[in-house]
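What follows is the residue order along each chain.
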Amino acid sequence: MFIFKKSNDLKIYLAKQQQQGFSIGFAPTMGALHQGHLALLKMAKQQCDITVCSIFVNPTQFNDPKDYEKYPVKTDEDIRKLLETGTDILFLPSKEEIYPAGTTNLPIYDFGELETVLEGAFRPGHFQGVEQVMHRLLEIVHPDVLFMGQKDYQQLLIVRKLVDLLHIKVKVESCPTLRETDGLAMSSRNLRLSPEARKKAPAIYQTLLFMKENLAEIPFPELLKKAEDRLTQEGFKVDYIVIADANDLQPLEQPVDRKMICLVAAWLNGVRLIDNMLLR
Ligand code: AMP
């Protein structure tokens, strides 16, 4: 595996590979890698000639500075895991390599309502930050296929929109959420859960299953109330739990004949967890 720290070096190297006809699969991450991240890279390996992973804890997408400071950094372990998965290239840039002109005058994108609902409402500015880094990374790596997790469903939709908006030639491939054996969606933030909280955390997954199973039986407002109560009783503080149209994340009051998704964000023991489940 080659490790690149300089944007220009990586850009030149990958451009040469593409000229020779090799396809590039890219999975951007913030590190503290788990099987969910590695699944993206395994998928990339199946579909593309060269797999690239980036690890960059992007400051512009953290609306809470404490969350940024506490974000786990495990570079040595990450490198070992990437070697085991057979990843070809790791991009490990500094802040200056990603934002050479600083972070104050970065582009602003128009994602419409998709940016202001759910995560956007609770984390103002988050998606602008995600797209600022994504835009820059896509310019450097110029992948043929971009691999993103369904775990961050709203982010996935927003990245698709960015690609459309800027006419970037890349296929966006979504990867199903990988879970621990008890159902908890894998996340780097799970490392911050206390042992006691870790035991309670799968209640999110159980609640999503409960909603999926009762979708046809219980009216949505009642179902959502029951779901929220379940989580509150387990000690969660719920930011949101909604059933939405899976295409635009507009909340739904009753079943529709389109793909629906349930999305949840809740705090447990000072850690914010998000998860979702496609309902149809
Ligand atoms: P992050 O390091 O949290 O920014 O995540 C990097 C990528 O990994 C994003 O595309 C996430 O959606 C994806 N990802 C994170 N957790 C999981 C998971 N449990 N299963 C599948 N993909 C995931």
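Scroll up a little and you will see the structure.
Heads up: these notes are all about the structure in this document. (Residues numbered from 1 in each chain as written. Predicted model: local features only at pLDDT ≥ 70, side-chain atom pairs only at ≥ 80, totals over all residues. Heavy atoms only, no water.)

Within strand 8 (residues 260-268), 8 of the 9 residues are buried, which leaves it mostly tucked inside the rest of the structure. Relative to strand 8, strand 7 (residues 237-245) runs antiparallel, the two sharing 8 bridges. Bridging from a neighbouring strand, Asp245 pairs with Met260 of strand 8. Where strand 8 and strand 9 (residues 271-278) come together, 8 bridges link them in antiparallel fashion. Across the sheet, the residue bridging to Ile261 is Leu278, located in strand 9. Following strand 8, the chain reverses through 2 residues before pairing antiparallel with strand 9; Asn269 in that reversal takes a positive phi of roughly 55 degrees. (Buried < 20%, exposed > 50% of the residue type's maximum accessible area, 1.4 Å probe, protein only. Helix = DSSP H or I, 4+ residues; strand = E, 2+ residues; numbered from the N terminus. Pairing = 2+ DSSP bridges.)

Judged from the 5 bridges that link them, strand 5 (residues 145-149) and strand 6 (residues 171-175) form a sheet pairing that is parallel. Considered in strand 6, the bridge of Phe147 is made with Glu173.

Applying the stated criterion across every chain, the model contains 12 salt bridges. A salt bridge links Glu97 to Lys6, with the nearest nitrogen and oxygen atoms 3.6 Å apart. Remark: Lys6 occurs in the loop between strand 1 (2-4) and helix 1 (7-19) and Glu97 occurs in helix 5 (residues 95-98); sequence separation between them is 91 residues. Residue classification places Lys6 among the partly exposed residues on the basis of a relative accessible area of 46%. A salt bridge links Asp275 to Arg179; the shortest N-O distance between them is 2.8 Å. On the criterion of sequence distance, the pair formed by Asp275 in strand 9 and Arg179 in the loop between strand 6 and helix 9 (195-200) is long-range, its members being 96 residues apart. Take Asp275: its relative accessible area is 4%, and that puts it in the buried class. (Salt bridge = Lys/Arg side-chain N within 4 Å of Asp/Glu carboxyl O.)

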